[in-house]
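Chain by chain, the residues run as shown.
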Amino acid sequence: MPWVDYIDQMIFSTVWPIVVLVLMLVTYNVVTRVRPSSVFADSNKWIYGAFLLIFLVFASNSTLLFRYFSCITFDAKGDDPSKIKVLMADMSINCRSDRYQDTLIFAWTMVAIYPIGFPLFCFYVLYRHRRQLNPKVDVTAEHQELIRSSGNLFRVSSTRQMEIDIDQRSQDLELQRF
């Protein structure tokens, strides 16, 4: 089995969710064109799947990306200082090597996608569907009868009057049970 280092792990862990999300988007577009009345043409199910995938990989991949920038320098007498700066997460990787420098561009791109892009994407989708998530309800129209029937309860002139109203309402409720 070939040896996998931190850079390989970071590349694989950050790329596969993006590939899956793109495949989900392509599949959704194909389904909506071929069978628009299908159960799988419901965009809410696809959004739910995308949110679930993002939720599962967001924290671990963001941590992987930020750990990539943490290098440590060791003091070694007689050695060239350019050879002793290593990646803290995997000390077999030299932070001054060409491979690390080439992967640095990839890491910054993934930082733009994961810790910045995914929360912005989630905010955009939730903001766009805010009326479905939290619809405005006209409470006064829906509960107009309840408000009318309890109107006298809120117009109490004294504590004694309130006690009389409560007693009368409780007697009415007891009579309604039978």
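Residues numbered from 1 in each chain as written. Predicted model: local features only at pLDDT ≥ 70, side-chain atom pairs only at ≥ 80, totals over all residues. Heavy atoms only, no water.

A. Quick peek at the side chain of aspartate 90. Considering the arrangement of structural elements, one finds aspartate 90 in the loop between strand S2 (85-87) and helix H3 (98-128). Despite being buried, aspartate 90 has no salt bridge partner; arginine 99 is the closest side chain of opposite charge, sitting 7.0 Å away. Within the structure, the side chain of aspartate 90 is placed 2.7 Å from the side chain of serine 92, a separation counted as a polar contact. Every residue in contact with aspartate 90, bar those within four places of it in the chain, is listed here: Trp3, Asp5 and Tyr6. (Helix = DSSP H or I, 4+ residues; strand = E, 2+ residues; numbered from the N terminus. Buried < 20%, exposed > 50% of the residue type's maximum accessible area, 1.4 Å probe, protein only. Lys, Arg positive; Asp, Glu negative; His and termini not counted. Salt bridge = Lys/Arg side-chain N within 4 Å of Asp/Glu carboxyl O. Polar contact = N/O pair within 3.5 Å; in protein donor to acceptor, adjacent residues only side chain to side chain. Contact = heavy atoms within 4.5 Å.)

B. Layout of the packing of helix H1 (residues 6-34) against helix H2 (residues 43-67). Running from N to C, H1 and H2 cross one another at 165°; their axes reach a closest spacing of 10 Å. Between H1 and H2, the interaxial angle falls into the category roughly antiparallel. The crossing of H1 and H2 is left-handed. Where H1 abuts H2, its residues Tyr6, Gln9, Met10, Ser13, Thr14, Trp16, Pro17, Val20, Leu21, Met24, Thr27 and Tyr28 lie against Ser43, Trp46, Gly49, Ala50, Leu53, Ile54, Val57, Asn61, Thr63, Leu64, Leu65 and Arg67. Class assignment of the residues belonging to the contact of H1 with H2 gives a composition of 15 nonpolar, eight polar and one charged. (Axes fitted to C-alpha atoms, helices over the stretch in contact; angles between N-to-C directions. Parallel < 35°, antiparallel > 145°, perpendicular 65-115°, else oblique. Left-handed = near helix turned anticlockwise from the far one by under 90°. Nonpolar A, V, L, I, M, F, W, Y, C, P; charged D, E, K, R; others polar.)

C. A look at H1. With 29 residues, H1 extends 42 Å from end C-alpha to end C-alpha; this agrees with the ideal 42 Å at 1.5 Å per step. Contact partners of the buried residues in H1: H2, S2 and H3. (Expected span 1.5 Å × (residues − 1).)

D. Molecular detail of the packing of aromatic side chains. Applying the stated rule across the entire model yields seven aromatic pairs. Geometrically, the ring pair formed by tyrosine 68 and phenylalanine 69 is edge-to-face, given 5.9 Å between the ring centres and 80° between the ring planes. The exposure class assigned to phenylalanine 69 is partly exposed, which follows from its relative accessible area of 27%. Each ring, one from tyrosine 68 and one from tyrosine 100, has its centre 4.6 Å from the other, and the planes form 20°; the classification is stacked. Pair noted here: tyrosine 68 is in the loop between H2 and strand S1 (71-73) and tyrosine 100 is in helix H3, with a separation of 32 residues, a long-range link. By relative accessible area, which is 0% here, tyrosine 68 ends up buried. For tyrosine 100, a relative accessible area of 5% translates into the label buried. Joined through ring pairs, the aromatic side chains of Tyr68, Phe69, Tyr100 and Trp108 make up one cluster. Against the face of tyrosine 127 rests arginine 130, its NZ or CZ located 4.0 Å from the ring centre. (Phe/Tyr/Trp six-rings, centres within 6.5 Å; stacked < 30°, edge-to-face > 60°. Lys NZ or Arg CZ within 6 Å of the ring centre and 35° of its normal.)

E. Examining the nonpolar core more closely. Of all hydrophobic cores here, the largest spans 22 residues; its most connected members are Leu21, Tyr68 and Leu87. Only H1, H2 and H3 provide two or more residues apiece to this core. The dominant element in this core, judged by the number of residues it contributes, is H3, at seven residues. Once residues lying within four places of it in the same chain are set aside, the contact partners of leucine 87 are Tyr6, Arg67, Tyr68, Ser70, Cys71, Ile93, Cys95 and Tyr100. (Core = buried A, V, L, I, M, F, W, Y, C linked by side-chain atoms within 4.5 Å.)

F. Broad picture of H2. Across its 25 residues, H2 extends 35 Å between first and last C-alpha, which sits within 8% of the 36 Å expected from 1.5 Å per residue. By the largest-angle criterion, phenylalanine 58 marks the main kink of H2, which is about 40°. Restricting attention to buried positions, one finds in H2 the residues Ala50, Leu53, Ile54, Val57, Asn61, Ser62, Leu64 and Leu65. Looking at the buried positions of H2, the neighbouring elements they touch are H1 and H3. (Bend = angle between axes of the 7 residues up to and from the residue.)

Keep in mind these values describe shape, not function.
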